[in-house]
Amino acid sequence: MNIIFLLAPFSVLLGLVAVGAFVWTLRSGQYDDVQGAAARILIDDVDPDAPDPGGGTDT
């Protein structure tokens, strides 16, 4: 029964840390451009230093 006196404040503290982390992400702009990040993964960038996927032969 005495463990509840330890776990209850610990769970409240953990919840406050989670809320604080969420507020920090809001203020740092993590959620400003959600649509841009979703579309950015679909862009096919061409890397000039990448090896030729065809094996390097031009026939």
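As the structure is a computational prediction, the values presented were derived from the model and not from experiment.

Caption draft 1: Spotlight on the overall build of the protein chain. Tallying secondary structure elements over the protein chain gives two helices and zero strands in all. In the protein chain, which comprises 59 residues, the proportion classed as buried is 2%. By element, 66% of the accessible surface of the protein chain is carried by carbon and sulfur atoms, the whole surface being about 5800 Å².

Caption draft 2: Representation of a nonpolar patch on the surface in the model. Taken together, the side chains of M1, I3, I4, F5, L6, L7, F10 and L14 present a nonpolar region at the surface, about 950 Å² in accessible area. You can see F10 is positioned in helix α1 (residues 4-27).

Caption draft 3: Representation of a negative patch on the surface in the model. There is a patch of like negative charges on the surface, built from D44, D45, D47 and D49. Within the fold, D47 resides in the segment after α2 (34-40).

Caption draft 4: Main features of the packing of aromatic side chains. All told, the structure shown has one aromatic pair when counted by the stated rule. On the numbers, 6.2 Å between centres and 40° between planes, the contact of F22 with Y31 is tilted. Given a relative accessible area of 46%, F22 falls into the partly exposed group.

Caption draft 5: Up close: α1. The end-to-end C-alpha distance of α1, which contains 24 residues, comes to 34 Å, matching closely the 34 Å that a straight helix rising 1.5 Å per residue would cover. Immediately downstream of α1, the backbone of G29 shows phi near 85°, a positive value.

Rules of the game
- Residues numbered from 1 in each chain as written.
- Predicted model: local features only at pLDDT ≥ 70, side-chain atom pairs only at ≥ 80, totals over all residues.
- Heavy atoms only, no water.
- Helix = DSSP H or I, 4+ residues; strand = E, 2+ residues; numbered from the N terminus.
- Buried < 20%, exposed > 50% of the residue type's maximum accessible area, 1.4 Å probe, protein only.
- Areas by Shrake-Rupley, 256 points an atom, 1.4 Å probe, with all protein chains shown as cover.
- Patch = residues over 30% accessible without salt bridge, like charges linked within 9 Å, V, L, I, M, F, W, Y side chains within 5 Å.
- Salt bridge = Lys/Arg side-chain N within 4 Å of Asp/Glu carboxyl O.
- Lys, Arg positive; Asp, Glu negative; His and termini not counted.
- Charge placed at Lys NZ, Arg CZ, Asp CG, Glu CD.
- Phe/Tyr/Trp six-rings, centres within 6.5 Å; stacked < 30°, edge-to-face > 60°.
- Expected span 1.5 Å × (residues − 1).

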